[in-house]
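Commentary on secondary and tertiary structure
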Amino acid sequence: MLDETEIHPLFADAPSTTEFKKLRKRIVRQTREAIEQYAMIDRRTDGTVPKWLVCLSGGKDSYTLLAVLYELKWRGLLPVDLIACNLDQGQPGFPATVLPEFLARMGVPHRIEYQDTYSIVMDKVPAGRTFCALCSRLRRGNLYRIAREEGCSAVVLGHHRDDILETFFMNLFHGGRLATMPPKLVNEEGDLFLYRPLAHVAEVDCEKFARAMKYPIIPCDLCGSQDGLQRQQVKQILDGWEKNSPGRRQVMFRSLMNARPSHLLDPKLFDFAGLACGSNQKKIGLF
């Protein structure tokens with residue numbers, strides 16, 4: 001049984017307030033729910049334990065991800081091995097010592113990889129265009145390579161509920177499709193999973209958690225230096241809706257888990273041609 005007096009170093013300085021305990025409990029519960037709902041744990045029959053590459057950018061979300069996964073593992077609820085990974089992409093002024101020192105101090109197995117993708121992005125992206133797409137693609141390719149080298153079965157990212165919701169509206173407004181970041185997918189090569197265990201966790205909770213724990217946050221100056229990004233515009237829209245109607249974000253997020261193909265317009269998802277009047281309607285689940 002878990003000795004409640006023993007805690008992982010990631011939680012050694014956790015506040016003892018009731019408010020923080022509720023926050024921590026909520027994040028852990030929501031993360032566990034997502035892991036179970038989307039079957040992220042590869043339960044093997046050969047006795048081996050899956051290994052996850054936990055991607056750590058130094059932002060509030062990835063710190064929260066790392067901490068909550070270790071909490072679940074500490075409690076015996078996550079039977080996987082974890083290795084934290086930071087990809088130093090060569091951004092000018094990036095504090096390269098912060099994460100390795102933090103991870104060593106916390107006793108977290110880790111790998112720090114340097115790849116100058118910053119220069120590639122700056123060279124390839126035309127002036128005035130956003131860096132996100134190319135930067136993300138280069139980062140993802142390197143993380144998949146590292147996961148293979150470390151013997152991992154999954155790459156784990158810190159995208160939260162609001163990231164998923166914002167991506168849905170970006171695709172809706174700018175991409176002309178209904179799509180977002182799935183909590184679980186298989187890469188194009190078919191040899192690695194990609195997981196987003198914080199899929200149910202609100203961004204504001206990640207921010208409160210990381211701030212309360214006083215983790216050394218590293219801002220992303222590459223993306224943050226650009227004004228008028230589509231994601232920032234969508235975030236402002238959602239902020240406005242949330243301000244006028246508190247809880248709206250969660251309602252919209254729940255809709256992503258409650259799709260009704262028969263009430264949309266995609267004939268690839270629903271057999272409109274096969275619709276028939278009379279008793280056949282009940283057979284295809286319309287009523």
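Notes on the structure follow.

The rules we used
- Residues numbered from 1 in each chain as written.
- Predicted model: local features only at pLDDT ≥ 70, side-chain atom pairs only at ≥ 80, totals over all residues.
- Heavy atoms only, no water.
- Helix = DSSP H or I, 4+ residues; strand = E, 2+ residues; numbered from the N terminus.
- Rg over C-alpha atoms; globule rule 2.2 N^0.38 Å.
- Buried < 20%, exposed > 50% of the residue type's maximum accessible area, 1.4 Å probe, protein only.
- Contact = heavy atoms within 4.5 Å.
- Areas by Shrake-Rupley, 256 points an atom, 1.4 Å probe, with all protein chains shown as cover.
- Lys, Arg positive; Asp, Glu negative; His and termini not counted.
- Charge placed at Lys NZ, Arg CZ, Asp CG, Glu CD.
- Salt bridge = Lys/Arg side-chain N within 4 Å of Asp/Glu carboxyl O.
- Pairing = 2+ DSSP bridges.
- Axes fitted to C-alpha atoms, helices over the stretch in contact; angles between N-to-C directions.

**As for the overall build of the chain**
When helices and strands are counted, the chain shows eleven helices and six strands. The C-alpha radius of gyration computed for the chain amounts to 21 Å, which stays within 12% of the reference 19 Å derived for 287 residues, consistent with globular compactness. Its C-alpha atoms give the chain principal-axis dimensions of about 70 × 55 × 45 Å. Split into buried and exposed, the 287 residues of the chain put 39% on the buried side. Taking as baseline every contact in the chain between residues at least 6 positions apart, the subset at least 24 positions apart corresponds to 75%. Surface accessibility of the chain: about 16100 Å² in total, with carbon and sulfur atoms responsible for 53%. For the chain, the distance from the average site of its 39 positive side-chain charges to the average site of its 34 negative ones is 6 Å.

**Looking at the environment of Glu33**
As for its placement among the helices and strands, Glu33 is situated in helix 1 (residues 18–37). For Glu33, a relative accessible area of 37% corresponds to the partly exposed category. When the C-alpha positions of Glu33 and Gly107 are compared, they lie 27 Å apart, and in sequence the two are 74 residues distant.

**Things to note about the environment of Lys25**
Mapped onto the elements of the fold, Lys25 is located in helix 1. The exposure class of Lys25 is exposed, given its relative accessible area of 64%.

**Digging into the pattern of salt bridges**
Opposite charge on two side chains allows them to pair when their charged atoms are near. One pass over the structure, following the stated rule, counts 25 salt bridges. Its salt-bridge partner being Arg231, residue Glu166 comes within 3.3 Å of it at the nearest N-O pair. Separated by 65 residues along the polypeptide, Glu166 in helix 6 (residues 161–175) and Arg231 in helix 9 (residues 230–244) bring together distant segments of the chain. Through salt bridges with shared partners, a single network forms among Lys51, Arg111, Glu113, Arg145, Glu149 and Glu150.

**Overview of the sheet that holds strand 4 (residues 154–156)**
Consider a sheet: its strands pair through backbone hydrogen bonds, and that pairing is either parallel or antiparallel. Spatial strand order, 3-2-1-4-6-5: six strands in an open sheet with mixed pairing. Here the strands that pair on one side only, and so sit at the sheet edges, are strand 3 (110–114) and strand 5 (184–186). Going across the sheet, the axis of each strand differs from the next one's by a mean of 25 degrees, ignoring polarity. The sheet contact formed by strand 2 (residues 81–88) and strand 3 spans five bridges and is parallel. Bridge pairing in strand 3 places Asp88 opposite Tyr114. Along the sheet, helix 3 (residues 98–106) contacts strand 2 and strand 3; its crossing angle with strand 3, the most-contacted strand, is approximately 170 degrees.

**Describing unusual backbone geometry**
Located in the positive-phi region is Ala39, a residue other than glycine, with phi close to 50 degrees. Note on placement: Ala39 falls in the loop between helix 1 and strand 1 (51–55). Its identity is not glycine, yet Lys214 carries a phi of approximately 60 degrees, on the positive side. If you trace the backbone, Lys214 turns up in the loop between helix 7 (203–213) and helix 8 (221–224). Since its relative accessible area comes to 73%, Lys214 is described here as exposed.

So far we have only geometry, and geometry alone does not tell us how the molecule works.
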